[in-house]
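# Remarks on the overall topology
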Amino acid sequence: MDKNNFDEEKYLAILSDILSPSRFSHTVGVMKKSVEYAKMLGADTETVKIAALFHDCAKFLRPEELLEHAQRYGIEVDEYMQRTPHLLHGPVGAALAKEKYGIDDENILSVIEKHTLGSLDMTIEEKIVFLADYTEDGRKYPSSQKIRQLAKKDFPLALIKCSDESIKHLLATGAYIHPQSIITRNGFIEEYKK
Ligand SMILES: [Fe+2]
Ligand SMILES: [Fe+2]
């Protein structure tokens, strides 16, 4: 697959078939926002566009299907993912994007893989889709709107706030928090100090 010759229309049609209308419109929103951020930051627009298109391609899978796919693709399933298989939709989505849709660019695949939990030392393209997922224009909650504005002025600070808000939401709903979310957040803070 040549990312500069990517047939966007073809894959948009495929994704609109497999995703619910609201998930598809979220996907298009993440694509637009990611390209906007990439232009603002001088990152690779094609990498973020293609990654955003596929980022939630495994989101519609049921928990048992996510676990099955993870096993088939040799994806490590830790105890948190075992309890909350939804956390696997990033890595399973990357594996599906590669196997089913021929996306073989490792940079794109890692953006898809990391879009939920993040990691330390993320690439700029990984950070962009991570933040666009939370701040695309279809996200209407007040924290998204605030962070969307902040991202234009201070992208690294917006990443910290995005992690904070996601963790706050997990606390408020009594959900498990994957330790990687904390590690990712602390990494953003560490980078911000530099
Ligand atoms: Fe997602
Ligand atoms: Fe998403």
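Here's a quick rundown of the structure. (Residues numbered from 1 in each chain as written. Chains lettered and ligands numbered in written order. Predicted model: local features only at pLDDT ≥ 70, side-chain atom pairs only at ≥ 80, totals over all residues.)

### Comments concerning the overall build of the chain
Operational definition: Strands here mean DSSP runs of E at least two residues long; helices mean DSSP runs of H or I at least four residues long; both are numbered from the N terminus. This radius of gyration counts C-alpha atoms alone. The globule rule is 2.2 Å times how many residues there are, raised to the power 0.38. By definition, residue pairs are in contact when their C-beta atoms, positioned from the backbone, come within 7 Å.
Along the backbone of the chain there are eleven helices and zero strands. Overall, the chain shows an N-to-C arrangement of helices and strands of α-α-α-α-α-α-α-α-α-α-α. Against the globule reference of 16 Å for 194 residues, the chain gives a C-alpha radius of gyration of 16 Å, in line with a compact fold. Overall, the chain is about 40 × 40 × 30 Å in size when its C-alpha atoms are taken along their principal axes. In the chain, the share of contacts with a sequence separation of at least 24, taken over all contacts with a separation of at least 6, comes to 59%.

### What to know about the environment of Asn5
Short version of the rule: Every C-beta atom is placed from the backbone, and the number of other C-beta atoms within 10 Å of a residue's own sets its class: buried at 20 or more, exposed at 12 or fewer, partly exposed in between.
With respect to the secondary-structure elements, Asn5 resides in the segment before helix 1 (8-18). For Asn5, a count of 7 C-beta atoms within 10 Å gives the class exposed. Separated by 41 residues in sequence, Asn5 and Glu46 have C-alpha atoms that sit 9.5 Å apart.

### Describing the nonpolar core
The nonpolar side chains of soluble globular proteins are, as a tendency, buried together. What counts here: One nonpolar core equals one set of buried Ala, Val, Leu, Ile, Met, Phe, Trp, Tyr and Cys residues connected by C-beta atoms within 7 Å.
Residues Ala51, Ala52, Phe54, Ala97, Ile112, Val129 and Leu131 are the most contacted members of the largest nonpolar core, which totals 40 residues. If you list the elements that add at least two residues to this core, you get helix 2 (21-41), helix 3 (45-54), helix 4 (63-72), helix 6 (89-99), helix 7 (106-114), helix 8 (124-135), helix 9 (142-153) and helix 10 (155-173). Other than its neighbours up to four places away in sequence, Ile112 contacts Ala51, Phe54, His55, Gly90, Gly93, Ala94 and Ala97.

### Some words on the packing of helix 8 against helix 10
Defined as follows: Between N-to-C directions, angles cover 0 to 180 degrees, with each direction set by a line fitted to C-alpha atoms, over the stretch in contact for helices. Angles below 35 degrees are treated as roughly parallel, those above 145 as roughly antiparallel, those between 65 and 115 as roughly perpendicular, and all remaining angles as oblique. The crossing is said to be left-handed when, going from far helix to near helix, the turn is anticlockwise and less than a right angle, and right-handed when the turn is clockwise. Charged residues are taken to be Asp, Glu, Lys and Arg, nonpolar residues to be Ala, Val, Leu, Ile, Met, Phe, Trp, Tyr, Cys and Pro, and polar residues to be all remaining types, Gly included.
Between helix 8 and helix 10, the least distance of the axes is 10 Å, while the angle of their chain directions is 55°. When the axis of helix 8 is compared with that of helix 10, the two are oblique. Helix 8 and helix 10 meet at a crossing whose hand is left-handed. Between helix 8 and helix 10, the contacting residues are Lys127, Leu131 and Tyr134 on the first element and Ala158, Leu159 and Cys162 on the second. Taken together, the residues of the contact of helix 8 with helix 10 break down into five nonpolar, no polar and one charged.

### A look at helix 6
For helix 6, the tally of buried residues reaches nine of eleven residues, placing the bulk of the element in the interior. All buried positions along helix 6 are accounted for by His89, Gly90, Pro91, Val92, Gly93, Ala94, Ala95, Leu96 and Ala97. In the core, the buried residues of helix 6 are packed alongside helix 3, helix 4 and helix 7.

### Let's talk about the packing of helix 3 against helix 8
Look at helix 3 against helix 8: their axes get within 10 Å of each other, and the N-to-C directions meet at 45°. By the angle class used here, helix 3 and helix 8 are oblique. As helix 3 packs across helix 8, the resulting crossing turns out to be right-handed. Touching Thr47, Val48, Ala51 and Ala52 of helix 3 are Glu125, Ile128, Val129 and Ala132, all from helix 8. Taken together, the residues of the contact of helix 3 with helix 8 sort by class into six nonpolar, one polar and one charged.

### Regarding helix 2
Using the following cut-off: By this rule, a helix spans an expected 1.5 Å times one less than how many residues it contains.
Under the 1.5 Å per step criterion, the end-to-end length of helix 2 is 30 Å for 21 residues, consistent within 8% with the ideal 30 Å. All of the buried residues in helix 2 are Thr27, Val30, Met31, Lys33, Ser34, Tyr37 and Ala38. Downstream of helix 2 by a residue or two, Gly42 has a phi angle that is positive, lying close to 70°.

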